Amino acid sequence: MASEQTIDGAAAIPSGTGDEPFLGLLDVALLAVLIGGAAFYFLRSRKKEEEPTRSYSIQPTTVCTTSASDNSFIKKLKASGRSLVVFYGSQTGTGEEFAGRLAKEGIRYRLKGMVADPEECDMEELLQLKDIDNSLAVFCLATYGEGDPTDNAMEFYEWITSGDVDLTGLNYAVFGLGNKTYEHYNKVAIYVDKRLEELGANRVFELGLGDDDANIEDDFITWKDRFWPAVCDHFGIEGGGEEVLIRQYRLLEQPEVQPDRIYTGEIARLHSIQNQRPPFDAKNPFLAPIKVNRELHKGGGRSCMHIELSIDGSKMRYDAGDHVAMFPVNDKSLVEKLGELCKADLDTVFSLINTDTDSSKKHPFPCPTTYRTALTHYLEITAIPRTHILKELAEYCTDEKEKELLRSMASISPEGKEKYQSWIQDACRNIVHILEDIKSCRPPIDHVCELLPRLQPRYYSISSSAKLHPTDVHVTAVLVEYKTPTGRINKGVATTYLKNKQPQGSEEVKVPVFIRKSQFRLPSKPETPIIMVGPGTGLAPFRGFIQERQFLRDEGKTVGESILYFGCRKRSEDYIYESELEEWVKKGTLNLKAAFSRDQGKKVYVQHLLEQDADLIWNVIGENKGHFYICGDAKNMAVDVRNILVKILSTKGNMSEADAVQYIKKMEAQKRYSADVWS
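Anyway, here's the lowdown on the structure attached to this text. (Residues numbered from 1 in each chain as written. Predicted model: local features only at pLDDT ≥ 70, side-chain atom pairs only at ≥ 80, totals over all residues. Heavy atoms only, no water.)

### As for the overall build of the protein
Which entries qualify depends on this criterion: Secondary structure elements are defined from DSSP: runs of H or I of at least 4 residues count as helices, runs of E of at least 2 residues count as strands, and each element is numbered from the N terminus. For the exposure calls, accessible area comes from a 1.4 Å probe over protein chains only, and a residue counts as buried if that area is under 20% of its type's maximum, exposed if over 50%, partly exposed in between. In these tables, accessible area is a Shrake-Rupley quantity obtained with a 1.4 Å probe, and a residue counts as shielded only by the protein chains included in the view.
Looking only at helices and strands, the protein has 23 helices and 23 strands in total. Relative to its full complement of 679 residues, the protein shows a buried share of 51%. Working note: accessible area of the protein is about 33,000 Å², and carbon and sulfur atoms make up 51% of it.

### Focus on the sheet that holds strand β11 (residues 323-326)
By way of backbone hydrogen bonds, the strands of a sheet pair with one another, either parallel or antiparallel. Rules: Here, any two strands with at least 2 DSSP bridges between them count as paired. Working convention: axes come from line fits to C-alpha atoms, limited for helices to the stretch in contact. Angles between N-to-C directions cover 0 to 180 degrees.
Strand order across the open sheet formed by six strands is β14-β11-β18-β9-β10-β15, with antiparallel pairing between neighbours. Two strands lie at the open edges of the sheet, namely β14 (458-461) and β15 (472-478), each paired on one side alone. On average, each strand axis in the sheet is tilted by 40 degrees relative to the strand beside it, whichever way the strands run. Here strand β10 (residues 304-310) pairs with β15 via seven bridges, running antiparallel. Considered in β15, the bridge of S310 is made with D472.

### Here we look at the environment of V432
Short version of the rule: The contact criterion used is simple: two residues touch if any of their non-hydrogen atoms lie within 4.5 Å.
Relative to the helices and strands, V432 resides in helix α14 (residues 431-437). By relative accessible area, V432 is classed as buried at 1%. Taking the C-alpha atoms as reference, V432 lies 5.8 Å from L338; in sequence the two are 94 residues apart. Filtering out sequence-adjacent residues up to four positions away, V432 remains in contact with L334, K337, L338 and L341.

### Looking at the packing of helix α22 (residues 634-652) against helix α23 (residues 657-669)
Spelled out, the test is: A crossing counts as left-handed when the near helix is turned anticlockwise from the far one by less than a right angle, and as right-handed when that turn is clockwise. Amino acids are sorted into nonpolar (Ala, Val, Leu, Ile, Met, Phe, Trp, Tyr, Cys and Pro), charged (Asp, Glu, Lys and Arg) and polar (every other residue, Gly among them).
Between α22 and α23, the least distance of the axes is 8 Å, while the angle of their chain directions is 115 degrees. Note on packing geometry: the crossing formed by α22 with α23 is right-handed. Of the residues in α23, those in contact with R642, L645, V646, L649 and S650 of α22 are E657, A660, V661, Y663, I664, K665 and E668. By residue class, the composition of the contact of α22 with α23 is seven nonpolar, one polar and four charged.

### Some details on helix α6 (residues 154-162)
A turn of α-helix holds 3.6 residues, and therefore any two residues three or four places apart point the same way. The condition that has to hold: The directions considered for the arc run from the helix axis to the C-beta atoms.
When we look at burial in α6, the residues that qualify are F156, Y157, W159 and I160. Considered in projection along α6, the buried side chains sweep an arc of 160 degrees and stay on one side of the axis. Exposed residues on α6 whose side chains face more than 90 degrees from its buried face are E155 and S162. Against the buried residues of α6 lie β3 (136-144), β4 (148-149) and α7 (187-198).

### Description of helix α19 (residues 578-586)
Inspection of α19 places E580, L581 and W584 among the buried residues, and these make up the whole buried set. Buried residues of α19 fall within an arc of 95 degrees about the axis and therefore sit on the same side. Facing away from the buried side of α19 by more than 90 degrees, the exposed set consists of S579 and K586. Contact partners of the buried residues in α19: β9 (286-295), α17 (540-554), β20 (562-568) and β21 (591-596). G588 occupies a position one or two residues after α19 and carries a positive phi of about 85 degrees.

### Quick look at unusual backbone geometry
For the peptide bond that leads from P278 to P279, omega is 0 degrees, which places it in the cis range. As for its position among the elements, P279 is in the loop between β8 (249-253) and β9. Look at the link from C367 to P368: it is a cis peptide, with omega at 0 degrees. Turning to its location among the elements, P368 is positioned in the loop between β12 (349-354) and β13 (369-370). With a phi angle near 60 degrees, R110 is a residue other than glycine that sits in the positive phi range.

### Some details on the pairing of strand β1 (residues 84-89)
Successive side chains on a regular strand alternate, one facing one side of the sheet and the next facing the other. Let me state the cut-off plainly: Handedness of a crossover is defined as follows: orient the strands so they point away from the viewer, and if the path from the first strand over the helix to the second runs clockwise, the crossover is right-handed.
Within β1, six of the six residues are buried, which leaves the element mostly enclosed by the surrounding structure. The two faces of β1 match: L84, V86 and Y88 on one face and V85, F87 and G89 on the other face are all buried. Two elements, β1 and β3, share six bridges in a ladder whose sense is parallel. Within β3, the position partnered with Y88 by the bridge is C140. Note that β1 and strand β2 (residues 113-116) share four bridges and pair parallel. The partner of F87 across the bridge, within β2, is A116. At this point the chain moves from β1, through helix α5 (residues 94-105), to the parallel β2, and the crossover so formed is right-handed.

Written out as structure tokens, the structure is:
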């Protein structure tokens with residue numbers, strides 16, 4: 001009765017018309033609150049009940065399934081009847097290329113495969129892969145920087161490092177891409193291979209390690225040749241049938257496409273060159289005007305450029321020690337020559353469309369575009385072709401001897417490998433040279449575009465400090481040009497491109513760039529002493545370091561000793577930034593140790609100077625906890641310097657060799673020992 005009285009009382013409020021409705025406004029409001037509260041309680045209790053049974057993968061909802069289906073490699077595998085997924089961690093494209101080759105070959109062994117970028121996948125779905133019959137996950141992982149995973153593999157690496165998931169039932173194999181001249185050779189692949197086993201996964205075949213300093217192609221095909229029989233044995237599959245070459249992309253010529261829908265060199269977003277907008281990164285580079293492009297060498301026949309790029313208005317920031325990445329373009333004459341050899345109209349508008357509709361990669365490069373643009377902006381036409389390219393080119397030879405030559409070099413026979421080493425690698429033959437010398441081979445230009453790897457950005461250590469030059473980035477680059485055993489002149493893509501980018505009057509000359517952060521850093525405390533070893537263009541980041549230390553001194557701050565070991569051939573020819581270095585010495589900011597290797601009968605290098613300065617080096621890094629930096633050649637100089645340091649620590653610090661090695665590792669962990677090296 002009480003409830004009835006309440007309703008009646010509410011309904012008795014005058015409505016203004018003399019009518020008395022069954023429910024008044026207050027009733028409706030109260031009813032809405034009650035219904036809403038009940039719904040919230042019901043949904044909340046249901047959520048609590050469901051939470052314990054949630055799997056690691058993101059479950060699709062009835063509201064929106066787009067993101068769930070996009071990053072679900074399990075769904076794609078099941079929908080297309082596949083059981084092989086090949087993940088790649090790649091910084092320069094080689095890991096992705098190897099992954100593609102493995103996935104493509106799987107069909108020979110009744111394992112239909114797909115390539116997957118871990119950055120675009122829900123990697124927690126690895127727990128569900130065992131539900132697919134004869135399933136296998138392969139990881140082609142490059143090690144980058146100071147033993148780090150590549151950008152696109154970082155989240156996956158952190159997940160398996162910090163997580164404690166049960167991967168029992170997951171079949172896997174790992175192939176690593178590294179370089180033996182670097183200290184952390186294949187660190188990522190070695191760790192992932194070991195960690196997956198620790199988490200309960202089943203290793204189907206042994207870890208493969210590729211060495212880019214030697215012949216990573218040979219390492220890969222040798223591993224791959226043993227990998228497939230092991231896979232067949234594991235799953236009880238009969239050996240592979242005859243190899244059938246299958247194209248991954250189909251050609252679509254598009255003469256009717258409007259000009260404003262055609263890519264003209266953009267990395268990702270159409271018209272991003274004309275309509276620049278931040279943030280600027282690897283997929284959206286900033287067009288930086290070149291303010292200065294001058295020669296640093298005074299003679300000797302070689303060339304070293306000092307280039308100043310303006311990043312004013314880009315909102316990009318950098319610190320001394322960071323890298324600037326630049327997207328180069330291929331030489332016009334090489335592009336024209338390749339077009340002639342393939343009998344192609346380079347201005348034809350086309351698209352290459354992935355025949356695998358489940359792949360997230362719809363095109364090998366931005367499409368639609370022209371063959372001229374693809375060969376100029378998107379493809380590595382000066383790279384040494386890998387064996388799978390030769391295998392496919394062989395099919396277009398009309399001369400049987402030439403066909404057999406290419407097939408032999410693409411094989412795993414000892415004779416074929418030896419021929420590939422001498423005729424391709426040692427002779428530095430690129431795709432243009434091969435087609436010039438194998439005269440009966442005339443492949444269609446669209447297949448060449450499918451086979452060639454993507455043109456990658458080139459990275460340079462920034463040779464300036466943002467404290468002094470906040471809106472400019474300085475680059476120090478040696479022009480690459482050499483004669484090959486066949487008598488041809490090969491030129492570096494990026495440095496040739498830069499050499500021709502000379503600012504003229506008021507007309508701006510621009511290059512597409514972005515900043516890549518580095519761990520190569522000055523000490524956080526300016527009073528910490530530092531030792532820098534940088535012969536040749538290895539001086540680049542240290543120029544930025546010294547600029548910064550001078551800037552701090554000019555502000556009246558206390559700055560620790562800065563010791564630089566620099567080397568070049570002759571003082572009169574290739575002593576770069578001579579006047580700047582001498583000026584810093586005069587001001588007391590720099591302690592310079594220079595080695596001019598060819599200015600006397602017996603060659604002297606920075607390594608010799610380091611050996612002579614054992615007491616000084618021990619004083620800085622042993623007694624005063626200073627920082628030690630190396631920049632330059634990884635293969636010889638950096639290895640020698642590290643060995644000398646071990647020797648100095650052993651003798652001056654009264655350590656065993658093993659303890660000296662551990663001391664350096666501890667310095668690395670403390671960020672007191674840093675290397676920015678290349679091979």
